Amino acid sequence: MTRILMVSVGRKRASAILRATEEYEARLRRYVRFDSVLVEPARLPDARAGDAREREAAALERRLPDDLEFVALTREGEPWSTRRLADYLDEMRTYGRPGASFAIGGAHGLAPRLLARARTRLALSAMTLPHEVARLVLTEQLYRAATILRGEPYHKGP
């Protein structure tokens, strides 16, 4: 079974977005081995954005396993359709690759060294999204991609 890990910078705050994300996480776990990890933001002033990215990169790297393909989420990434994401997951399964780690950066994005390490750079949107929204969108799209691979129709959200 394909393993998917989502690592992101942020805090877990009770909200409708968090409830929706948790609902999609539960749905996704029916299809793949899915885990989600949050690391604390660096909490540095904007003038020290580079330092914040580096601190957050170190925390993210500690959670990224070497055996999973690394996908960095960034506005400058490739804009994939849900079908393309499903094809990506299918290729992993077909060729015996264990899975993928998806990383979502903090307020200042991902450090350049993490972007350089990524096998794929993926864009959820050309717009900047709060990490809570990015987590929801990514989890929902992974779920929909998994249902495509199972031949199931799209399901309505929570």
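Calculation rules
Residues numbered from 1 in each chain as written. Predicted model: local features only at pLDDT ≥ 70, side-chain atom pairs only at ≥ 80, totals over all residues. Heavy atoms only, no water. pLDDT = per-residue confidence, 0-100. Helix = DSSP H or I, 4+ residues; strand = E, 2+ residues; numbered from the N terminus. Buried < 20%, exposed > 50% of the residue type's maximum accessible area, 1.4 Å probe, protein only. Phe/Tyr/Trp six-rings, centres within 6.5 Å; stacked < 30°, edge-to-face > 60°. Lys NZ or Arg CZ within 6 Å of the ring centre and 35° of its normal. Axes fitted to C-alpha atoms, helices over the stretch in contact; angles between N-to-C directions. Parallel < 35°, antiparallel > 145°, perpendicular 65-115°, else oblique. Left-handed = near helix turned anticlockwise from the far one by under 90°. Contact = heavy atoms within 4.5 Å. Nonpolar A, V, L, I, M, F, W, Y, C, P; charged D, E, K, R; others polar. Core = buried A, V, L, I, M, F, W, Y, C linked by side-chain atoms within 4.5 Å.

Undergrad: Just to check I follow, could you spell out the confidence of the model for the protein for this structure?
TA: Detail in the predicted coordinates should be disregarded across regions flagged by low pLDDT. Averaged over all residues, the pLDDT of the protein equals 92, while 96% of them reach at least 70. The least confident element of the protein is helix α2 (residues 49-63), whose mean pLDDT is 92; the most confident is strand β4 (residues 99-104), at 97.

Undergrad: Whenever I open this one, unusual backbone geometry confuses me. Can you help?
TA: For residues besides glycine, phi is generally negative; the peptide bonds are generally trans as well. In the Ramachandran plot, R43 falls in the positive-phi region, its phi being about 55° despite a non-glycine side chain. On the basis of relative accessibility, which here comes to 58%, the residue R43 falls in the exposed class.

Undergrad: Mind showing me how you'd approach the packing of aromatic side chains here?
TA: Each pair of aromatic rings is reported with the distance of its centres and the angle of its planes. Scanning the entire structure with this criterion turns up 3 aromatic pairs. Measuring from ring centre to ring centre gives 5.2 Å for W80 and Y88, while their planes differ by 50°; the resulting arrangement is tilted. With respect to burial, W80 and Y88 carry one shared label: buried. Of the aromatic side chains, those joined through ring pairs into one cluster are Y24, Y31 and Y143. Above the ring of W80, the side-chain terminus of R84 is found at 4.5 Å from the ring centroid. Geometry around F70 places R117 over its ring, the cationic atom sitting 5.5 Å from the centre.

Undergrad: Explain the packing of helix α1 (residues 16-28) against helix α5 (residues 131-149) here, please?
TA: Describing two packed helices takes the angle between their axes plus the distance from one axis to the other. Contact pair α1 / α5: the axes reach a minimum separation of 9 Å and the direction vectors enclose 25°. Taken together, α1 and α5 sit at an angle that is classed as roughly parallel. Where α1 crosses over α5, the handedness of that crossing is left-handed. The residues of α5 that touch α1, namely those facing I17, L18, A20, T21, Y24, E25, R27 and L28, are E132, V133, R135, L136, T139, E140, L142, Y143, R144 and A146. For the contact of α1 with α5, a count of residues per class yields 10 nonpolar, 2 polar and 6 charged.

Undergrad: Looking at this structure, I do not really get the nonpolar core. What am I missing?
TA: One recurring pattern in soluble globular proteins: nonpolar side chains tend to sit buried together. Ranked by size, the top nonpolar core spans 28 residues in total, and within it Y88, F102 and L142 carry the most contacts. Those elements that place two or more of their residues in this core are β1 (3-9), α1, β3 (69-79), α3 (82-94), β4 and α5. With 8 residues, α5 is the single largest residue contributor to this core. Leaving out residues up to four positions away in the same chain, Y88 has contacts with E69, V71, W80, A100 and F102. Judged by nonpolar contacts, the second largest core, of 18 residues, contains L5, A57, L110 and A111.

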